[in-house]
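Now for the letters of each chain:
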Amino acid sequence: MKLILLGPPGAGKGTQAVYITEAYQIPSISTGEMLRAAVAAKTPLGKEAKTLMEKGDLVPDDLILRMLSERLLESDCKNGYILDGVPRTLVQAEGMDKLNIEVDKVLNFDIPLDEVVARLSGRRVCPTCQATYHVLFQPLKEEGICDKCGSKLTTRKDDEPASIENRMEVYLAQTQPLITYYKEKGKLFDINALGSKDEVEARIQEILGEPV
Ligand code: AP5
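Residues numbered from 1 in each chain as written. Predicted model: local features only at pLDDT ≥ 70, side-chain atom pairs only at ≥ 80, totals over all residues. Heavy atoms only, no water.

Would you explain the packing of aromatic side chains in this entry?
When we look at a pair of aromatic rings, we describe it by the centre distance and by the angle of the planes. This structure, assessed with the given rule, holds two aromatic pairs. Consider the rings of Tyr19 and Tyr24, whose centres lie 6.4 Å apart with planes at 90 degrees: the pair is edge-to-face. Accessibility assignment for this pair places Tyr19 and Tyr24 in one class, buried. Ring centres of Tyr181 and Tyr182 lie 5.0 Å apart, and the angle between their planes is 90 degrees; this geometry places the pair in the edge-to-face category. Across this residue pair, the class does not change: Tyr181 and Tyr182 are buried. (Phe/Tyr/Trp six-rings, centres within 6.5 Å; stacked < 30°, edge-to-face > 60°. Buried < 20%, exposed > 50% of the residue type's maximum accessible area, 1.4 Å probe, protein only.)

How do you make sense of the environment of Asn166 when you look at a structure like this?
Mapped onto the fold, Asn166 is located in helix α7 (residues 161-175). For Asn166, the residues in contact, after removing those within four places along its chain, are Lys55, Gly56 and Asp57. (Helix = DSSP H or I, 4+ residues; strand = E, 2+ residues; numbered from the N terminus. Contact = heavy atoms within 4.5 Å.)

In structure tokens:
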């Protein structure tokens, strides 16, 4: 099963990628997470990406395509994968086609933009195990502490109001056109991303079939 998760920032793609990985036993490849790891490790790629990411701008297409194609060569991807947050532009989608990166289904997370702003504003992340929480929608056992590994939670720099606003504009201008691109290929499946995490999981299961 080779999937793309498409949708605005904060739509719940990363949250549902965790579910799909567990339920269908395929790895999730998040370009955002790979880039944040490169920023933390201060690699040349990380240094180039840092300022762009903090502002909510996209990282150049050629860097993304190179990073993605290298990652897909790893053995855990041979039975399928979830691409979370990539492609993000038409150039990336066309580049993936040229590289013969296969895609079976594109799950388009459909959600009003005011709802995603609320989700992003309350998001907390674990810098150690990457778990994601929300102060209202996914509360913690102990405030500010990761339930899974006990680390102190942080707020992503790009979840500050100015950056959220820019990310929405970037999404509308550069990523939303991909909906038509994949609809024309007959691969697009709309997911109503409103409602609880469990409700969204159930809608995804209707499209992907029984978990393995
Ligand atoms: P990336 O990390 O991909 O960020 P994003 O697409 O903006 O997506 P998010 O991680 O913000 O949201 P999400 O949909 O995963 O939501 P989540 O599940 O966390 O990219 C970051 C940056 O990297 C980009 O801005 C760009 O600079 C760069 N980049 C990455 N890929 C790139 C590419 N291909 N090309 C160029 N540049 C690239 O949920 C959000 C919150 O809501 C959480 O708090 C969660 O707990 C909560 N929540 C989730 N589901 C529900 C629910 N059903 N009900 C209530 N709350 C919920």
